[in-house]
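Here's the letter readout for the chains.
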Amino acid sequence: RTVYEADRVILTGGIVYHFLAGYGGGKKSIMPGVADYEGVMANHRLALNPNGPGLNPDVCAGKLQGNPLSDDMVQAAKMVGVDFIVNTPCLHPSGWQQNTCADTNRCSYAASAQFHK
């Protein structure tokens, strides 16, 4: 609630592969970062296959587009009203890469693209 009511919300994060969210980074500062228990559980349930047992095949490392768990995290950040994100891709074979700064969705995609260079 404190974050939701804040005048400005600026997130930072390191872009690494995340086995559920596609990539880590700023969006995870909101969900699960400051979310309540029910919100976190609802988000993580998206990792389960909606058509049967096992994991949702669209929820995996390195995938943002069409990943319902990642999409939910971005929506949570939009609901909070994140003003800006600074992400740094890290653990890349060539070392630290260029920082990306933008709105929630563009920053996630830009940083993940940079991660693959």
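Trainee: Looking at this structure, how should I read the overall build of the protein chain?
Mentor: Broken down by element type, the protein chain carries four helices and five strands. Along the chain direction, N to C, the helices and strands of the protein chain fall in the order β-β-β-α-α-α-β-β-α. For the protein chain, the residues scored as buried account for 39% of the 117 residues in total. Summarising the internal contacts of the protein chain: among those between residues at least 6 apart in sequence, 56% fall at separations of at least 24.

Trainee: What is the right way to look at the nonpolar core in this model?
Mentor: Most often, soluble globular proteins keep nonpolar side chains buried together rather than apart. Judged by nonpolar contacts, the single largest core of 16 residues is most densely connected at Val9, Leu11, Ile30, Leu69 and Val82. If you tally residues by element for this core, the top one is helix H3 (residues 68-80), at five residues.

Trainee: Whenever I open this one, the packing of aromatic side chains confuses me. Can you help?
Mentor: For any pair of aromatic rings, the description rests on two quantities: the centre-to-centre distance and the angle between the ring planes. Enumeration according to the criterion identifies one aromatic pair in this entry. Ring geometry for Tyr17 against Tyr23: centres 5.3 Å apart, planes inclined by 25 degrees, an arrangement best described as stacked.

Trainee: Looking at this model, I keep getting lost on the environment of Val86. Mind explaining?
Mentor: For Val86, the location among the structural elements is in strand S4 (residues 84-89). Separated by 60 residues in sequence, Val86 and Gly26 place their C-alpha atoms 7.2 Å apart.

Trainee: Is there a simple way to explain the environment of Phe84 in this structure?
Mentor: By the element assignment, Phe84 lies in strand S4. Of the residues examined, Phe84 reaches a relative accessible area of 35% and is grouped as partly exposed. Along the chain, Phe84 and Val9 lie 75 residues apart, while their C-alpha atoms are 6.9 Å from each other.

Trainee: Hey, could you run me through helix H2 (residues 37-45) in this one?
Mentor: Side chains three or four residues apart in an α-helix point the same way, a direct result of the helix having 3.6 residues per turn. Within H2, the full set of buried residues consists of Gly39, Val40 and Asn43. Buried residues of H2, viewed axially, fall in a sector of 100 degrees; they line one side. Counted as exposed and oriented over 90 degrees from the buried face of H2: Tyr37, Glu38 and Arg45.

Trainee: Explanation requested: H3 in the structure shown.
Mentor: Here H3 spans 18 Å end to end across 13 residues, near enough to the 18 Å set by a 1.5 Å rise per residue. For H3, the set of buried residues is Leu69, Ser70, Met73, Val74, Ala76, Ala77 and Val80. Projected down its long axis, H3 shows its buried positions confined to an angular sector of 155 degrees, all on one face. The residue sitting at the N-terminus of H3 and contributing the capping side-chain oxygen is Asn67; that oxygen lies 3.0 Å from the backbone nitrogen of Leu69. Of the residues flanking the end of H3, it is Gly81, one or two places downstream, whose phi is positive at about 90 degrees.

Cut-off values and rules
Along each chain, the written sequence defines residue order, and numbers are assigned to residues from 1. Where local features are concerned, this predicted model is filtered to residues with pLDDT of at least 70; where side-chain atom pairs are given and counted, the filter is 80 or more; whole-chain, interface and lining totals use all residues. Excluding hydrogens and water, the side-chain values take into account all heavy atoms of the structure. Helix and strand definitions here come from DSSP, where helices need a minimum of 4 consecutive H or I residues and strands a minimum of 2 consecutive E residues; each element is numbered from the N-terminal end. Accessible area is worked out with a 1.4 Å probe on protein chains only. A residue is then buried under 20% of its type maximum, exposed over 50%, and partly exposed in between. By definition in these notes, contact holds between two residues if any of their heavy atoms fall within 4.5 Å. Buried Ala, Val, Leu, Ile, Met, Phe, Trp, Tyr and Cys residues that are joined via side-chain atoms within 4.5 Å together make up what is termed a nonpolar core. Aromatic rings from Phe, Tyr and Trp, with only the six-membered ring used for Trp, were paired whenever their centres fell within 6.5 Å, and each pair was classed as stacked if the ring planes differed by under 30 degrees, edge-to-face if by over 60, and tilted otherwise. What the arc covers is the set of directions going from the helix axis to the C-beta atoms. Between the first and last residue of a helix there are one fewer steps than residues, each counted as 1.5 Å, and that sum is the expected span. Under this definition, polar contacts are N or O atom pairs within 3.5 Å; protein pairs additionally need one hydrogen-donor-capable and one acceptor-capable atom, and for neighbouring residues in sequence, both atoms have to be side-chain atoms.

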